[in-house]
Amino acid sequence: MIAIAGLVRLQSNLLSTLRSSRVRISMTAALLLLAAGISRDIAHPVGAASPTFQVTREGNTSTYHATSSTSTESFSGSLKFVVEEATYWLDADGGGSLVFAAGDFNLGSDWLEIEAVSDIVYAGQGIDVTTIRNSTSESRDTEVFDFGGGVDRITIRDMTVSAGGSQRNTSDAIDFDGGDDSVVERVKIVASRGRGIVFDGKDDVPTAGGTADGNIVRDCIITGVPQDGIQLLASNGNRIENCQIFDTGGHGINVNKSSTSADQPDKPSNDNLVLGNTITNAGQHGIRIRSGSRNVLSGNTVLDSSDDVSSRDGINLVSDDSIVCDDNLIELNTASDNQSPKTQRYGLNISSSECHRTLVDNNDFAGNRIAEINDNGTDTNYLPDDNESPTSPTRLEATAVSYTRVDLTWTAATDNIGVAGYAIYRDGVAIDIVDGATLAYSDTTVAASTTYSYAVDAFDGVGNRSARSAPAAANTPDPPPNCQADVEGVGCDPTDDGPLCDGKVATIVGDADGDGLIVGTAGDDVITGTSGPDVIRGLGGDDKICALDGNDLISGGPGNDWIHGGPGRDRAVFGGELPVVVNLLAGTATGQGTDELIAIGLARPRLFAPGTNWDYSHTNYVILGRALERATGRPMAALLRERVLDPLGLKNTVSSSTASIPE
């Protein structure tokens, strides 16, 4: 076998050659060299004649037996007792195996605490054939397998592990606090209070050996854990391969540095291999490298991440606390989002400038929520080099929807890697940017009675920009007479001494940015709508009501009102004394009809929850009348005449559609 030091040097030289010479060599060869250099002796052999304990359960009782097949030693009692005693007996004898029979092995509220042992194998009969479980909500770490004090060359294989209980972030299913050259293979984890599998090398040397290096996790299944599926914490030279990770609350795989307050502060996770894993519905990032260097991510499939925490990515590289993430290799991966709506932000997000010389080669990052790649790194290398700019956006259209707003739409650009975003230009000056999934923009900083020229360009994750689109012009209209063009919301300034305000201020009830109910006072008000669909009501006095954008319902009060509609399909209704001056750009002006009255009543906030109280309301009678019309197909006036007035002989009683009293 080639010396470890020589392979590490070979790995470093290989990456340097790839970056400097720009020569395409076999990535398979590269991975073989890297794997040889960082995974050490992957067999982790235990002596062929090593002793073995057979672990069995006595019926459905809580009594278990560990019986040696190579000596007369045996242990009986709780599962915790027999496993721990057999483990320490084997360690004293130089190592060996505990082989669990098929069936359910229940620790109850206990957990296995094993320290400072080496060369021990825990083997079941297969996934879902042998299950080892516990369940506890104790306020401490209660992993089914809790290894500490520097355990080395441990193997756990061919079983299902369930660590139940209330959520606790650091209480996992399998936890190695220190220890090197261990293997977890063909293990299914179906429950955990925290993470699935953790290798933790942050603790100090006297208590945990100081390292968690050269370990392997392969062919595992992890589902439904509330935190990370697998975490390498301050852990180097490890290998995670061919695992299936589903529905985690945290990251699928987290290659993480230690905290600034750890025994070994800010210790990175370097030189790890993450190969051929499938990660679906991770709550945060599918795979994250945080302040780690020379890690290899190859052949992984990451789908539909960020379904618990928004704005997370398929693969994310980040530097924190000034600890760099350098010389990582990202190749042959797929990271996409097949959901509707999509949640996974980018396929690959190199989110920090302190991530240097990332090598990105031959990945498929199509179909994410915003773009394929976002690259804020330094000296990122794309093989082949990404010197290709996106195509220009096409079919740009600019529409002045009001004197305060211009709307833009365009057709998407394309790029060999992915469009990261679009820049919006007005009269040649950039005014804003949007992400690559957005194909529309509203400019709300325009002035009335002005002509503007707009253009849009596209950019990719490494900063290549397209040519600008063909320009599109828009002319904002004149503002409505006597309406304030620069005010959105209530148009009456309480400090204004003008005759219309007269110290009165309209009040807004509800959401002032849409679907708002804007109600005047009893005085002479100026009421201006919002940009959304509003219900605007004047109460008394000589009100001036000015609608803005949206399909507004405008109701005058009993005074001499002046109503001016906006560009939407507005409906002005009135029921007070004339004259009412109505000037609608679109829509209709009518007396208060049934639907308008219902809309006005329902727009008000509820006084109490249905069924908890009662109050007098004309709206109820109007709704009842509409229900009768729907049920019979006859207008309400006809129903009153046919069913009430005529049978009672009320010949001088009429049905009126106005507020006036008949002579």
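Further up the page is the structure itself.
Enquirer: Run through the state of the cysteines, naming residues and quoting values.
Expert: Following the criterion strictly, the structure yields one disulfide and no others. The disulfide that involves C325 links it to C355, with 1.7 Å between the sulfurs. Judged by the sign of its S-S torsion, about -110 degrees, the bond between C325 and C355 is left-handed. Placement of C325 in the loop between β25 (315-318) and β26 (329-331) and of C355 in the loop between β28 (346-350) and β29 (359-361) is noted, with a sequence separation of 30 residues between them. The exposure class of C355 is buried, given its relative accessible area of 0%. Cysteine C220 remains unbridged, with the sulfur of C243 as its closest cysteine sulfur at 4.3 Å. Residue classification places C220 among the buried residues on the basis of a relative accessible area of 1%.

Enquirer: Can you lay out the sheet that holds strand β30 (residues 371-375) for me, pointing to particular residues and giving the numbers?
Expert: Across a sheet, strands are paired by hydrogen bonds formed along the backbone, either parallel or antiparallel in direction. The strand order across the open sheet formed by ten strands is β6-β9-β11-β13-β16-β19-β22-β25-β28-β30, and the pairing between neighbours is parallel. With one partner strand each, in any of the chains shown, β6 (112-115) and β30 form the two edges of the open sheet. Taken pair by pair, the neighbouring strands of this sheet meet at an average axis angle of 5 degrees, ignoring direction. Here three bridges tie strand β19 (residues 253-256) to strand β22 (residues 287-290), and the two strands are oriented parallel to one another. Within β22, the residue paired with V255 across the bridge is I289.

Enquirer: Just give me the short version of the side chain of N333, but keep the residues and values in it.
Expert: Positionally, N333 belongs in the loop between β26 and β27 (334-336). The class of N333 is buried, set by a relative accessible area of 1%. In this structure the side chain of N333 is engaged in a polar contact, spanning 3.3 Å, whose partner is the backbone nitrogen of G299. Discounting chain neighbours no more than four positions away, the residues touching N333 are L297, S298, G299, N300, I315, N362, N363, D364 and F365.

Enquirer: How would you sum up a nonpolar patch on the surface? Please name residues and give values.
Expert: A cluster of nonpolar residues, V644, L648 and L650, forms a patch on the protein surface that exposes about 250 Å² of accessible area. Here V644 shows up in helix α7 (residues 636-648).

Enquirer: How would you explain the sheet that holds strand β35 (residues 429-435) if you had to name every residue and give the values?
Expert: One open sheet holds the four strands; their spatial order is β35-β34-β37-β38, and the pairing between them is antiparallel. On the outer flanks of this sheet lie β35 and β38 (472-475), each paired with one strand and no other. Pairs of neighbouring strands in the sheet enclose a mean axial angle of 30 degrees, with direction left out of account. Strand direction decides the pairing type here: strand β34 (residues 419-426) and β35, joined by six bridges, are antiparallel. Across the sheet, residue Y425 finds its bridge partner in β35, namely A430.

Enquirer: I'd like to hear about the environment of D307, residue by residue, with values.
Expert: Here D307 shows up in the loop between β24 (301-303) and β25. Given the relative accessible area of 32%, D307 is considered partly exposed. Distance in space between the C-alpha atoms of D307 and N281 is 6.2 Å, their sequence separation being 26 residues.

Criteria and cut-off values
- Residues numbered from 1 in each chain as written.
- Predicted model: local features only at pLDDT ≥ 70, side-chain atom pairs only at ≥ 80, totals over all residues.
- Heavy atoms only, no water.
- Disulfide = S-S within 2.5 Å.
- Helix = DSSP H or I, 4+ residues; strand = E, 2+ residues; numbered from the N terminus.
- Buried < 20%, exposed > 50% of the residue type's maximum accessible area, 1.4 Å probe, protein only.
- Pairing = 2+ DSSP bridges.
- Axes fitted to C-alpha atoms, helices over the stretch in contact; angles between N-to-C directions.
- Polar contact = N/O pair within 3.5 Å; in protein donor to acceptor, adjacent residues only side chain to side chain.
- Contact = heavy atoms within 4.5 Å.
- Patch = residues over 30% accessible without salt bridge, like charges linked within 9 Å, V, L, I, M, F, W, Y side chains within 5 Å.
- Areas by Shrake-Rupley, 256 points an atom, 1.4 Å probe, with all protein chains shown as cover.
- Salt bridge = Lys/Arg side-chain N within 4 Å of Asp/Glu carboxyl O.

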